[in-house]
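Residues per chain are reported as follows:
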Amino acid sequence: MIIILEKGVRDEQIEEIIKQAEDYGFSIHRSTGDEQILLGAIGIQSNFDTRKIKILEGVSAVYRVTEPFRLASRGYKKENTVINIGDVILGANEIITIAGPCAVESEKQIMTIAKIVKDAGAKILRGGAFKPRTSPYSFQGMEEEGLILLRKAGDEFGLAVITEVMDPTRVELIYKYTDIFQLGSRNMQNFPLLRELGRVDKPVMIKRGMSATIDEWLMAAEYILASGNENVMVCERGIRTFETSTRNTFDLSAIPVIHQRSHLPIIADPSHATGIRDKVIPMALAAVAAGTDGLMVEVHHDPSSAMSDGPQSLLPEQFKELMSQVRRIAEVIGRNA
Ligand code: PEP
Ligand code: MN
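Residues numbered from 1 in each chain as written. Chains lettered and ligands numbered in written order. Predicted model: local features only at pLDDT ≥ 70, side-chain atom pairs only at ≥ 80, totals over all residues. Heavy atoms only, no water.

Colleague: When you look at the coordination of the manganese ion (ligand 2) in this model, what are you seeing that I'm missing?
Modeller: Protein coordination at the manganese ion (ligand 2) comes from C102 (SG), H272 (NE2), E298 (OE) and D309 (OD), with a distance range of 2.0 to 2.4 Å. In terms of primary sequence, the donors binding the manganese ion (ligand 2) are separated according to C-x169-H-x25-E-x10-D. A residue pair is termed long-range when its members are at least 10 positions apart, and E298 in strand β14 (residues 294-298) and D309 in the loop between β14 and α11 (316-332) qualify at 11 residues. Assigned by exposure class, E298 and D309 land together as buried. (Donors = N, O, S within 2.8 Å, 3.2 Å for Na, K, Ca; no water. Helix = DSSP H or I, 4+ residues; strand = E, 2+ residues; numbered from the N terminus. Buried < 20%, exposed > 50% of the residue type's maximum accessible area, 1.4 Å probe, protein only.)

Colleague: How do you make sense of the domain arrangement of the protein chain when you look at a structure like this?
Modeller: How big an interface is tends to be expressed through the accessible area that disappears when the partners come together. Per the domain assignment, the segments of the protein chain are domain 1 (2-63) and domain 2 (83-332). Computed over C-alpha atoms only, the centres of domain 1 and domain 2 are separated by 44 Å. (Domains from an automatic or database assignment.)

Colleague: Explain the packing of aromatic side chains to me, please; I cannot follow it from the model alone.
Modeller: Geometry of an aromatic ring pair is reported as the spacing of the ring centres plus the angle between the planes. Summed over the entire model, instances satisfying the criterion amount to three aromatic pairs. Between F26 and F48, the ring centres sit 5.0 Å apart and the planes meet at 80°, which makes this aromatic pair edge-to-face. Pair noted here: F26 is in the loop between α1 (11-23) and β2 (27-32) and F48 is in the loop between β3 (37-42) and α2 (51-54), with a separation of 22 residues, a long-range link. The burial state of F26 is the same as that of F48; both residues are buried. A cation over an aromatic ring shows up here: K202 above the ring of Y175, its NZ or CZ 4.2 Å from the ring centre. (Phe/Tyr/Trp six-rings, centres within 6.5 Å; stacked < 30°, edge-to-face > 60°. Lys NZ or Arg CZ within 6 Å of the ring centre and 35° of its normal.)

Colleague: So what exactly am I meant to see when it comes to the pairing of strand β9 (residues 160-165) here?
Modeller: Note on strand geometry: in a regular strand, side chains alternate between the two faces of the sheet. In terms of burial, β9 is a largely internal element, six of the six residues being buried. Of the strand pairs in this sheet, strand β8 (residues 124-126) and β9 are connected by three bridges, and their pairing is parallel. Within β9, the residue paired with I124 across the bridge is A160. Between the parallel elements β8 and β9, the chain passes through helix α4 (residues 144-157) in a crossover that is right-handed. Here four bridges tie β9 to strand β10 (residues 180-183), and the two strands are oriented parallel to one another. Bridged to T163 within β10 is F181. (Pairing = 2+ DSSP bridges. Right-handed = clockwise from strand over helix to strand, strands pointing away.)

So this is what it looks like as structure tokens:
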């Protein structure tokens, strides 16, 4: 932590700041310039609240040098986290595509879509069985029946599966059917759920909360890592901004920022990020160019009859086209897909 002192700070104020910081466990190194005095404070605890120093008289600013999250940080682990899901390797050179409907709606629907996405080259099948809907009157998901169908489709077409868990009491049930747990945006800071997912031995994908900073998002990952589950990936799915032309604003720069600050793989979800079918392909390609480790894309064979997120679901032909373009961009940046 770097403590910048106010110009004209008095000696007794400096002594008090140093004493307080030492009482908090820091060792202090003082640098005196012509105009400014800086204190370098070594030994920060990851949960130290820097405001404790910021409020002291004579302090102008305080900057953390180490990340507030430890296990999720690049400083803690230099090499990328690679997650194995059966024979799917996520976080290595290959860009992995997760595709499928927003929600599992029927056996026919999930089987049809599983075949489409498998044929086009997807490796993981998505489909919600417990849906976090804004309106209590909207379709809430098929629950366990949906999980059974998702698993059946995954097994039939040789796809791993991912589905959302909204509630800590459902972890055990969903565990029986899924390969990866999806933690939805609306639950990014559901701390009991994060802790529960830290205790399972299956990977977890944490979607970024709609108004979450990257620090908060990685702190959510830290919860799972600190509870013992190392197989964590994060998913950029757009954030709320003042812009209304798209459903959310796709924070593309989150991809290189995550790669710089963390060793965890990142997945890009241009479907929820844009909310409009014709914006999904360009943003998916941009995410690949920006270095994403995977894509999550909603696909539906009959989007006009979809029970949720039809307008942002790609048609089968569009998904096929997307996959072929992803391969071309991947090649340019020295990856494969
Ligand atoms: C979803 O993936 O269908 C979903 C509900 O996503 P999010 O949590 O990003 O809104
Ligand atoms: Mn959806």
